[in-house]
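# Fold and geometry: a report
Each chain, letter by letter, is given below.
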Amino acid sequence: MSCLSSSKIQLIMMSVTDPNLSDRFTSAMEEIHNEHLKTYADIVDTTADLSHSHRQFVKSALDTCLKKCKDDEKLFETIQTFKRELGHKKMILKEKQLAISDTMAEVQEKEMQKEDIIQKIQKLKEEQIKRKDLIQFQNAANKDRLKNLQKARLVFQDHLGLEIRTILGKTQLVKGEKLQFVFRYIHPSDQDSAYVITMGIKENGSYQIVSSDPVVDCLPVLESRLQETNNLQAFLANVRKEFISLARS
Amino acid sequence: MAQVEERAGRGLLDMQEEKQRRDHELESLEQQLGRCTAKSQTADAEIQFLQRELESLRNSEHELEALQNQVDEDTTEVIPSAVYVAQVYYLITKIKWEYDTQPNILKGVHYGADLATPINIDTSARSRNDVSDQLWAFVSTEW
């Protein structure tokens, strides 16, 4: 009994012969009891404290664990999300790659088409230049020749007073070429009035008179002479003589 | 558990890196696609332009055809006809003209059967009927 102090023991030893013994004993016992109570209270307090702090400790440990668990879960969730996103991105990248290669193929095709058209254009241009040169040269030569031929024709027309017209005949009477000889400068006062004789040339080269305007009486005779001799110059000279005698008589 | 955590954490970092890489890749692919698409469109425009040029060339082809036709007509019809007429004139008159003369001077040669006769007429001094008569005098009425 360590709670029993030596002084108290002394007190108790002394009080054996003391009449207030029971009182003093009771109070001492009470003191001891109170001390015990205090000690118990202390112990209880300490135990309570310990228990409390232990509970706190456990609680905080549990909280930390839970938090960690949540964090880890979040981590895993994030990882999953990332995995999904990455998968998604991979798909998009593939799509883009495909789109790019499709477009590049398109561009290739178009470049080829372009080349094709450029070549066509080149060829056509070259051809055209050549042809154009040739045609223009021919045209110039033709026009030149025609100009000269026209000069001769005009001189004959304007001074000889004879116009020659060629008509392609389609009538039954005269097949093939038809010729018209238009005489002018016949009439003394009306120089421009026309005296026309129309004739056809058969395939064998012989002449056939179609008409004359104005009418010449002896035309059939002249015609037969012409067909005998084939002398066109004489025929025309004689026809002109007839026209003149008609006009100037 | 700490090891697992560490591994997971590192894995996540790796994935983040990869995500960034993929994002960059996507960006560059987008740019590439943009450039390709632009090229394709440019090619379209170029092709359109070229086809219009081809069209216009085909049109000038038609013009060329028309000119060729005229040349052909001249060559096959107009010139032969004019030549024929010139031949008939000579056949009838036996006259060949000189062209580089003064405006009212008529110069030429008549090639008769035996002799060639020069012709030199001042047309301003004579009436047209007279000139015509004189020239026709060269053509004999004898059959």
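Up top is the structure these notes are about.
Throughout what follows, the structure given in this document is the object of discussion. Treat the numbers as computed from the prediction; the structure is a model and nothing was measured.

### Looking at the environment of N230 of chain A
Residues and elements named next belong to chain A. Structurally, N230 is set in the loop between α3 (219–229) and α4 (232–248). The spatial distance from the C-alpha of N230 to the C-alpha of G205 is 8.9 Å, given a sequence separation of 25 residues. Beyond its immediate chain neighbours, meaning those up to four positions away, N230 contacts G205, S206, Y207 and R225.

### Comments concerning the interface of chain B and chain A
Listed by partner, the interface residues are 73 residues for chain B and 85 residues for chain A. Summing the contributions of chain B and of chain A, the shared interface buries around 7,400 Å²; its carbon and sulfur component is 69%. For the chain B face of the interface with chain A, the top three residues by lost area are Y89, W136 and W143 of chain B, together amounting to 13%. For the pair chain B and chain A, the interface holds 11 salt bridges. One salt bridge in this structure joins E30 of chain B and K96 of chain A, with 3.2 Å as the shortest N-O distance. Where chain B packs against chain A, one counts 30 residue pairs in polar contact (both at pLDDT 80 or more).

### Considerations on the state of the cysteines
A full pass over the atoms with the stated rule returns 0 disulfides over all chains. C65 of chain A takes part in no disulfide bond, and the closest cysteine sulfur to it belongs to C69 of chain A, at a distance of 8.6 Å.

### A few points about the environment of I119 of chain B
Of note, I119 of chain B is situated in strand β3 (residues 116–122). Distance from I119 of chain B to V109 of chain B, taken between C-alpha atoms, is 5.4 Å for residues 10 residues apart in sequence.

### Considering helix α2 (residues 128–136) of chain B
For α2 of chain B, the set of buried residues is N129, V131, S132, L135 and W136 of chain B. With its buried residues spanning 165° around the axis, α2 of chain B presents them on a single face.

### Describing the nonpolar core
F181, F183 and F235 of chain A are the most contacted members of the largest nonpolar core, which totals 40 residues. With 8 residues, the single largest contributor to this core is α4 of chain A. Apart from residues lying up to four places away in sequence, F181 of chain A is in contact with L162, E163, I164, Y195, V196, I197, M199, L232 and L236 of chain A together with V88 and I92 of chain B.

### What about helix α1 (residues 2–93) of chain B?
Residue and element names in this part refer to chain B. Helix length check: α1 (92 residues) gives 132 Å between terminal C-alpha atoms against 136 Å at 1.5 Å per residue, within 8%. At D74, α1 shows its maximal kink, close to 45°. Just beyond α1, the residue with positive phi is K94, at close to 60°.

### What to know about unusual backbone geometry
Cis geometry marks the peptide bond from D213 of chain A to P214 of chain A; its omega dihedral reads 5°. The topology assignment puts P214 of chain A in the loop between β4 (207–213) and α3. For Y185 of chain A, which is not a glycine, the phi torsion comes out positive at approximately 60°. For Y185 of chain A, the position within the fold is in the loop between β2 (176–183) and β3 (195–201). Residues other than glycine seldom take positive phi values, yet K94 of chain B does so here, at roughly 60°. Residue position: K94 of chain B is located in the loop between α1 and β1 (95–98). Its relative accessible area of 26% is what places K94 of chain B among the partly exposed residues.

### Some details on a nonpolar patch on the surface
Among the surface-exposed residues, L37, Y40 and I43 of chain A lie close enough to one another that they form a single nonpolar patch of about 320 Å² accessible area. As for its placement among the helices and strands, L37 of chain A is situated in helix α2 (residues 21–160).

### Points about the packing of α3 of chain A against α4 of chain A
All names here are of chain A. Remark: α3 packs on α4, axes separated minimally by 9 Å, with the N-to-C direction vectors making an angle of 165°. It follows from the interaxial angle that α3 and α4 lie roughly antiparallel. Seen from above, α3 lies across α4 with right-handed handedness. Seen from α3, the contacting residues are L219, L222, E223 and L226; seen from α4, they are L232, F235, N238, V239 and E242. For the contact of α3 with α4, a count of residues per class yields 6 nonpolar, 1 polar and 2 charged.

### Considerations on the pairing of β1 of chain B
All names here are of chain B. Going residue by residue along β1, you find I95 and W97 tucked away on one face and K96 and E98 left uncovered on the opposite face. Bridge analysis of β1 against strand β2 (residues 105–111) gives 4 bridges, and the strand direction is antiparallel. Considered in β2, the bridge of E98 is made with K107.

### Concerning the side chain of T123 of chain B
By the secondary structure assignment, T123 of chain B is in the loop between β3 and α2. Accessibility expressed as a relative area gives 17% for T123 of chain B, which makes it buried.

Conventions adopted
Residues numbered from 1 in each chain as written. Chains lettered and ligands numbered in written order. Predicted model: local features only at pLDDT ≥ 70, side-chain atom pairs only at ≥ 80, totals over all residues. Heavy atoms only, no water. Helix = DSSP H or I, 4+ residues; strand = E, 2+ residues; numbered from the N terminus. Contact = heavy atoms within 4.5 Å. Buried area = accessible area lost by both parts, 1.4 Å probe. Salt bridge = Lys/Arg side-chain N within 4 Å of Asp/Glu carboxyl O. Polar contact = N/O pair within 3.5 Å; in protein donor to acceptor, adjacent residues only side chain to side chain. Disulfide = S-S within 2.5 Å. Buried < 20%, exposed > 50% of the residue type's maximum accessible area, 1.4 Å probe, protein only. Arc of directions from axis to C-beta. Core = buried A, V, L, I, M, F, W, Y, C linked by side-chain atoms within 4.5 Å. Expected span 1.5 Å × (residues − 1). Bend = angle between axes of the 7 residues up to and from the residue. Patch = residues over 30% accessible without salt bridge, like charges linked within 9 Å, V, L, I, M, F, W, Y side chains within 5 Å. Areas by Shrake-Rupley, 256 points an atom, 1.4 Å probe, with all protein chains shown as cover. Axes fitted to C-alpha atoms, helices over the stretch in contact; angles between N-to-C directions. Parallel < 35°, antiparallel > 145°, perpendicular 65-115°, else oblique. Left-handed = near helix turned anticlockwise from the far one by under 90°. Nonpolar A, V, L, I, M, F, W, Y, C, P; charged D, E, K, R; others polar. Pairing = 2+ DSSP bridges.

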